[in-house]
Amino acid sequence: MNNDEPLQMPPVPGGPTGSAGSQDPPGSSKKKRREVLKSFIRKASGRDEELTVEQQIRRRTILSFAGFFLLGGAAWKAWFLLKDSPRGRGTGDGVQEPLRKGLNAGEDVFKHTLSPDHLARVYPRSSATTHVRYNGNAGLSAAGFDAGDWKLRVTTADNRQLSIGIDELRQLPKTEIVFEFKCIEGWSQVSWWGGVRFSDFIRQYHLEKEAAMAYVGMSTPDKEYYVGIDRASVLHPQTLLCYEMNGQPLPMNHGQPLRLIIPVKYGVKNLKRVGNIYFSNERPPDYWHERGYDYYCGL
Amino acid sequence: MKKIVERHPLAIRWMHWINFPVLFVMIWSGLLIYWANDIYKIHLGSKTLFSFFPAAFYKALNIPYRLAEGMAFHFVFMWIFFLNGLFYVLYTVFSGEWRYLFPDRRSFREAWGVVLHDLHIRKTAPPFVKYNGAQKIVYTAIIVMGLGSVLTGLAIYKPVQFGWLTRLFGGYGNSRVFHFILTLGYCLFFLLHIFQVIRAGWNNFRGMVAGFEVVDTNGFSAKFADGGNAEDAKESNAHEATGENAKSADGMNTKDANNALI
C-alpha cells in the first residue's frame, strides 16, 4: 500500500486551470477536463502504463473482484426475488409470475411452429401395450355417475346446449391411432386408441364458428377436472374424441365412455370422461395449470 | 520482474460466469423433473449396483414433489443457457479465440503428457499457449456436450414438432437417457474443473475474473534466450514463484476456490 503513488484528482471546475486558460476557445477547457478525467479513470483502474506493474496488478485485481462480487451479490439477490415472487394474481396459479411469463413466451414461440404437417409418430398396432398405464383419477369418482346416462354437452356460440349420446358419436367416421402417449412425469407408452377426429366432430355438428375461437375448454361431468386447449392443437388431425382403447370400449379408469386423446400434448391435457365442451377466446381454466404447470404443454 | 499478460477477453469472462449459475439452475431443476420418473439404474447382470437417486439424496436436496416448479425453471432458464452458449461459440469463432481452444493433431499427445505430469509421473508439463492439450480437448468437448444437451432437450421437449430429432436420438426414451448422461458429464466436469482451478492457484483464478495473469519476465526471457535450458529455467522460475508466495499461497487459493464453489 505505502509504495502507491497518490491518485491525481481531477481539477475542480472553474478552479485555477479554468481562469488561466481564459483566452482559449470555450470548447478546449471542456476537452481538457475530459482528458484529465479520462487519465484519472485510467490510473484508478490500473490501466495506465505510468503506474508501476505492482500498482496495475493491485488496482485491476481490486476493481475486477469488486465488480465480480457486486454482480454475484446482485445475481444472488435476483434469484431470491424470482424464487419468492408472488404466484399468480387472482387466478390461483401455482408458479411464480415471472416464470409464468417465461413459459407463455415459450408458448408463443412454439405455437407458431405447430402445423398439421407435424404429426406425432405412429406405430403398428402390434407395438401397442396391452397394459395401458393409468395415472390419476381426478373427475372420475364413481359416485353419481352412470355411463348409460352420460351425454356430451356442448355449449354453442349462441349459448345453446347440444346433448350428444355415445351412439351418435359412434355413427361418425372412426379414426384410430397408435402413438407414444407421453406423461408430464416423464414416462411414455405406445398405445392404441379409436374414436372421432375432433375436426370431424366440429364439421358434423356445424361448430365451425365456435371452433374459430382461440381456445376449447373441456371438463368431466362433475367438473372436478378441466382442461383448456389452444385452437390449433385441438384441430390437429391426430386429436380424437375416443371411445375405444385397444379395440375395446374404454374401461372406467380411462374415462368411459369418452375421453380426449391429443398426441400433441402431455397426458394431463388428455381429459378422461369428457362431459362438457365449450369454446372461448379467453383461456379456459385448467386443472394442472392452476397447480403450476405450463398452460400450453405442447409437444 | 513481473509482467501483466492479458489472458481471458471480457466477453469470455462474462459468458463463463453467466453460465455457471445458469447451468447450476438447469441441473437442479432437471433433478426436480427427473424425480417424477426416476427410473435410471446401473445394472450388473441382474444386480442393481446403483439407483439414480437414493431417497436420502432427494430428501437432503429437497427434491420430491416439485415437478411443476422444476419444469417452469428448466423451460425458462434453458433460453439463457442456449443463448449464452450460442454467443460464446459465435464469439470464439469471430474473435479467433477458437484457435487457442480447438484441439489439433498434437493436442491428444500433449494431453497425455499433461495427465502424466498431473499424476506426478512425468516431471515437466508440455509447453503450450494459453490452454494445454487436455484443456483444449475438455473445453471443446464441453461445448459439444452443451450442443448435445440442447438437441436432446429439444427432442424431449417437442417430440412432435422436432420428431426427426427425437428419431435421430433413437426415440423419446433414449433422448431422455442421453440428456441425463450429459448432465452426469457436467457434474463430472465440474468436479474436475474445481479441483484443477484449486490446484492451478490464485493467478489462474484471477485470470477468469480480472482477465490477466502475472508472469515473471526473468524466467520468461531466460526461457527464450536459452532454448536448451528452457525446462530448467521454467523450473527454477516455478521455485522462485512458490518461494515468494509460499506463506499466503495455500490459504488464499483454497479460500478463492471456495468462493468459486458457492
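In case you missed it, the structure is sitting above this.
The residue numbering used here restarts from 1 in each chain and proceeds along that chain's sequence as written. As a convention, the first chain written is A and the first ligand written is 1, with the rest following in written order. Local features in a predicted model are, by the rule used here, given only for residues with pLDDT of at least 70; side-chain atom pairs are given and counted only at 80 or more, and totals for whole chains, interfaces and linings are based on all residues. To get the side-chain values, all heavy atoms of the structure are used, and hydrogens and water are removed first.

A. Up close: the packing of helix 1 (residues 10–35) of chain B against helix 9 (residues 202–209) of chain B. Residue and element names in this part refer to chain B. Axis angles are defined between N-to-C directions and span 0 to 180 degrees, where every axis is a line fitted to C-alpha atoms and, for a helix, only to the segment in contact. Elements are defined by DSSP. Helices are runs of H or I of four residues or more, strands are runs of E of two residues or more, and each kind is numbered from the N terminus. The N-to-C vectors of helix 1 and helix 9 enclose an angle of 95 degrees; their axes lie 8 Å apart at closest approach. Classified by the angle between their axes, helix 1 and helix 9 sit roughly perpendicular to one another. Packed against helix 1, whose contacting residues are Ile 12, Arg 13, His 16 and Trp 17, the element helix 9 presents Phe 205, Gly 207, Met 208 and Val 209 at the interface. Side-chain classes are defined by residue name, with Ala, Val, Leu, Ile, Met, Phe, Trp, Tyr, Cys and Pro counting as nonpolar, Asp, Glu, Lys and Arg as charged, and the others, Gly among them, as polar. A breakdown of the residues in the contact of helix 1 with helix 9 according to their chemical character gives five nonpolar, two polar and one charged. These descriptions rest on fixed angle ranges, namely under 35 degrees for roughly parallel, over 145 for roughly antiparallel, 65 to 115 for roughly perpendicular, and the rest for oblique. Residue contacts are defined here by distance: any two heavy atoms, one from each residue, within 4.5 Å place the two residues in contact.

B. Summary view of the packing of aromatic side chains. Under the pairing criterion, centres of Phe, Tyr and Trp rings, with the six-membered ring standing for Trp, must be within 6.5 Å; the plane angle then separates stacked pairs below 30 degrees from edge-to-face pairs above 60, leaving the rest tilted. A full pass over the atoms with the stated rule returns 43 aromatic pairs over all chains. On the basis of an interplanar angle of 35 degrees and a centroid distance of 6.2 Å, the ring pair of Phe110(A) and Trp79(B) is categorised as tilted. Taken as a pair, Phe110(A) in helix 4 (residues 97–111) and Trp79(B) in helix 3 (residues 67–95) lie in two separate chains rather than in one. Ring-pair connections join several aromatic residues into one group, and the members of that group are Phe65(A), Phe68(A), Phe69(A), Trp17(B), Phe20(B), Phe190(B), Trp202(B) and Phe205(B). Lysine NZ or arginine CZ positioned within 6 Å of the ring centre and within 35 degrees of the ring normal marks a charge as sitting over the ring. One Lys or Arg, Arg291(A), reaches over the ring of Tyr287(A) and ends 3.7 Å from the middle of that ring. One residue, Lys130(B), lies across the ring of Tyr100(B), its end atom 4.7 Å from the ring centre.

C. Up close: the nonpolar core. Residues and elements named next belong to chain A. Residues belong to one nonpolar core when they are buried, are Ala, Val, Leu, Ile, Met, Phe, Trp, Tyr or Cys, and are joined through side-chain atoms within 4.5 Å. In this scheme, a residue with accessible area under 20% of its type's maximum is buried, one over 50% is exposed, and one in between is partly exposed, where area comes from a 1.4 Å probe on protein chains only. Leu 152, Leu 169, Phe 201, Met 218 and Ile 277 are the most contacted members of the largest nonpolar core, which has 85 residues in total. Residues contacting Met 218, with those up to four places away along its chain left out, are Phe 198, Tyr 225, Tyr 226, Val 227, Val 234, Leu 260, Leu 271, Val 274, Asn 276, Ile 277 and Tyr 278. One finds Val 132, Trp 193, Leu 240 and Met 245 within the second-largest nonpolar core, a separate group that totals twelve residues.

D. Representation of helix 5 (residues 105–118) of chain B. Residue and element names in this part refer to chain B. Regarding helix 5, the residues found buried are Ser 107, Glu 110, Ala 111, Gly 113, Val 114 and Leu 116. Along its buried surface, helix 5 packs onto helix 6 (133–157). Count one or two residues on from helix 5 and you reach His 120, which has phi positive near 65 degrees.

E. Looking closely at unusual backbone geometry. All names here are of chain A. With an omega of 10 degrees, the peptide bond running from Gln 256 to Pro 257 counts as cis. A positive phi angle is found at Arg 273, which is not glycine, with a value near 50 degrees. One can find Arg 273 in the loop between strand 9 (259–261) and strand 10 (276–280). The class for Arg 273 is buried, based on a relative accessible area of 3%. At Cys 297, a residue that is not glycine, the phi angle is positive and equals roughly 55 degrees. With respect to the helices and strands, Cys 297 occurs in the segment after strand 10.

F. Structural detail: a nonpolar patch on the surface. All names here are of chain B. Nonpolar side chains (Val, Leu, Ile, Met, Phe, Trp, Tyr) are joined into patches within 5 Å and like charges within 9 Å, using only residues with over 30% relative accessible area and no salt bridge. Per-residue and other accessible areas follow the Shrake-Rupley method at a 1.4 Å probe size, with only the shown protein chains counted as cover for residues. We define a salt bridge as a contact between a side-chain nitrogen of Lys or Arg and a carboxyl oxygen of Asp or Glu at a distance within 4 Å. A cluster of nonpolar residues, Phe 82, Leu 83, Leu 86, Phe 87, Val 89, Leu 90, Val 93, Phe 94, Trp 98, Phe 102 and Ile 143, forms a patch on the protein surface that exposes about 1000 Å² of accessible area. Of the residues forming the nonpolar patch, the biggest block, eight residues, is contributed by helix 3. In this fold, Val 93 is placed in helix 3. Val 93 sits in the partly exposed class, given a relative accessible area of 45%.

G. Focus on the packing of helix 3 of chain B against helix 6 of chain B. Residues and elements named next belong to chain B. Put simply, helix 3 and helix 6 touch, their axes get as near as 11 Å, and they point 145 degrees apart. Relative to helix 6, the crossing made by helix 3 is left-handed. Within the contact between the two elements, helix 3 uses Phe 75, Met 78, Phe 81, Phe 82, Tyr 88 and Val 89 and helix 6 uses Ile 143, Gly 146, Val 150 and Tyr 157. Its residues placed into classes, the contact of helix 3 with helix 6 shows nine nonpolar, one polar and no charged. By convention the crossing between two helices is left-handed if the near helix lies anticlockwise of the far one by an angle smaller than a right angle, and right-handed if it lies clockwise.

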